[in-house]
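# A look at the structure
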Amino acid sequence: MATTIQAIRGMNDLLPDQSPAWQQVEQVLRQVAAGYGYREVRTPVLESTQLFKRSIGEVTDIVEKEMYTFDDRNGESVTLRPEGTASCVRAGNQHGLLYNQIQRLWYMGPMFRYERPQKGRYRQFHQFGIEAFGMDSADADAEVILLSARLWKLLGIADDVELQLNSLGSNEARQRYKAALTEYLLDYKAQLDEDSQRRLGSNPLRILDSKNEQTQKILENAPSLSDYWDDESSAHFNQLCQRLDAAGIRYTVNQRLVRGLDYYNRTVFEWVTTALGAQGTVCAGGRYDGLVEQLGGKATPAVGFAMGLERLVLLLQEREKLAPRRDVDLYLMPMGEAAELRAVTVAEELRDNLPELRLVVHCGGGSMKKQMKKADKSGAEMALIIGEEELAEQRYTVKPLRNQDPQQRLDWQALLERLQPLTRG
Ligand code: ATP
Ligand code: MG
């Protein structure tokens, strides 16, 4: 026997039993994004490698070791996108959407990172993200965070996620802080964990979110990022906090929050949960005023976030917040050849009249007992039976499958009325 082929490690199939939960989440995401005036953008999953190297930064985890990069048949280096922001900016620049304009955009789709697969961490995963271009005031930062907060509220997990907030200051402030932090840490170099030692020369800010205990201990007396903020960044941060306070959004200022990507400045934030073990960040974002220009466009301020949908769905399942609509409302059972013929038109007319109805027509005939078994297994709320008597009377028998209500024989109009409520199931 031939061996069966398996999916690539860390890349998941989404099977029909799970897809309704995802559709439900996606529906809420779309609705909320639209509710804040955001419009969808879809970009290719494959981009030139240079795009991510130039935006995410050469010395980040993603670019150093997580990208799916290969040469195409023409010898050009291409990469499966590891995140959405770079592509969004690339598309915005390419099509002239950004300069001197305000754009509120969202995207959703698969991302690819070569990581060690575990709960909440996969090699193909999905992100929903929003990006607001052309607004440099703290209103925009607040809007982006409010939008995310509304998602938690609508999904019923507002109490399960916590907002952590920080500011990186301006790029110059960050450079000065980088130098001060490096100088401080050099004295303790030998005591730092291996990763942090390596980062000391390349990306010292990343040391701040090291999980190593001893490194964290050393960091306790390190210079503080907020001491290096420039006045404008301080004011920006205060304005953001005021707006969040006004909206009743709770947050913790976390001075160690720096984010893994190079392109952020000023505001950075994460929504974290304790419900998912080590993979606790559900949504992460911030301001990236320099990126558009860095990718060849005219300077355009921007702020946004990305959220991991696998982690979000895991959290919703953990909290039992997903109650998707049932797959089948009605199972149509024709008894005999003539009824089978009639069932075709009845089914199509039902679909004309009740477009939301989920109707499965039994295929292949068989006894009442056999068909009833299939009806039950389908999960349908009700069965619709057409037999000889029904044909003669031009009426239809409906039989509830999930409760003890009696079966009824109804004419066409009464049937439509009886089925209408099913479509809200
Ligand atoms: P982490 O610290 O968990 O590796 P990150 O900083 O690399 O996260 P971002 O690049 O900010 O993550 O991506 C935004 C969100 O996308 C994360 O908060 C997370 O929810 C999700 N995410 C990132 N990488 C993965 C992955 N490999 N599998 C599943 N979800 C992921
Ligand atoms: Mg990561």
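Residues numbered from 1 in each chain as written. Chains lettered and ligands numbered in written order. Predicted model: local features only at pLDDT ≥ 70, side-chain atom pairs only at ≥ 80, totals over all residues. Heavy atoms only, no water.

On to unusual backbone geometry. Although it is not a glycine, Arg266 adopts a positive phi angle of roughly 50°. Residue Arg266 is classed as buried on the basis of its relative accessible area of 14%. The phi angle at Gln394 is positive, at roughly 55°, despite the residue not being glycine. (Buried < 20%, exposed > 50% of the residue type's maximum accessible area, 1.4 Å probe, protein only.)

Below, the discussion takes up a nonpolar patch on the surface. A contiguous nonpolar surface patch, about 220 Å² in accessible area, is contributed by Val45, Leu46 and Phe70. Mapped onto the fold, Leu46 is located in strand S2 (residues 46-48). (Patch = residues over 30% accessible without salt bridge, like charges linked within 9 Å, V, L, I, M, F, W, Y side chains within 5 Å. Areas by Shrake-Rupley, 256 points an atom, 1.4 Å probe, with all protein chains shown as cover. Salt bridge = Lys/Arg side-chain N within 4 Å of Asp/Glu carboxyl O. Helix = DSSP H or I, 4+ residues; strand = E, 2+ residues; numbered from the N terminus.)

Assigned domains of the protein chain: these are domain 1 (18-168 + 250-319), domain 2 (171-228) and domain 3 (330-422). Computed from C-alpha coordinates alone, the two centres of domain 1 and domain 3 are separated by 47 Å. (Domains from an automatic or database assignment.)

With that settled, the discussion passes to the packing of aromatic side chains. Counted by the stated rule, this structure contains eleven aromatic pairs. Ring geometry for Tyr396 against Trp412: centres 5.8 Å apart, planes inclined by 65°, an arrangement best described as edge-to-face. In this pair, Tyr396 is assigned in strand S15 (residues 396-400) and Trp412 in helix H15 (residues 412-419), connecting sequence segments 16 residues apart. For Trp412, a relative accessible area of 22% puts it in the partly exposed group. Chaining the aromatic ring pairs together yields one cluster made of Phe133, Tyr263, Tyr264 and Tyr288. One Lys or Arg, Arg123, reaches over the ring of Tyr114 and ends 3.9 Å from the middle of that ring. Residue placement shows Lys298 over the ring face of Tyr99; its charged tip is 4.7 Å from the ring centre. (Phe/Tyr/Trp six-rings, centres within 6.5 Å; stacked < 30°, edge-to-face > 60°. Lys NZ or Arg CZ within 6 Å of the ring centre and 35° of its normal.)

Turning our attention to the packing of helix H1 (residues 19-35) against helix H11 (residues 309-318). Put simply, H1 and H11 touch, their axes get as near as 11 Å, and they point 110° apart. Relative to H11, the element H1 is oriented roughly perpendicular. Relative to H11, H1 is oriented so that their crossing is right-handed. For the pair H1 and H11, the contacting residues are Trp22, Val25 and Leu29 in the first and Leu309, Glu310, Leu312, Val313 and Leu316 in the second. Grouping the amino acids of the contact of H1 with H11 by side-chain chemistry returns seven nonpolar, no polar and one charged. (Axes fitted to C-alpha atoms, helices over the stretch in contact; angles between N-to-C directions. Parallel < 35°, antiparallel > 145°, perpendicular 65-115°, else oblique. Left-handed = near helix turned anticlockwise from the far one by under 90°. Contact = heavy atoms within 4.5 Å. Nonpolar A, V, L, I, M, F, W, Y, C, P; charged D, E, K, R; others polar.)

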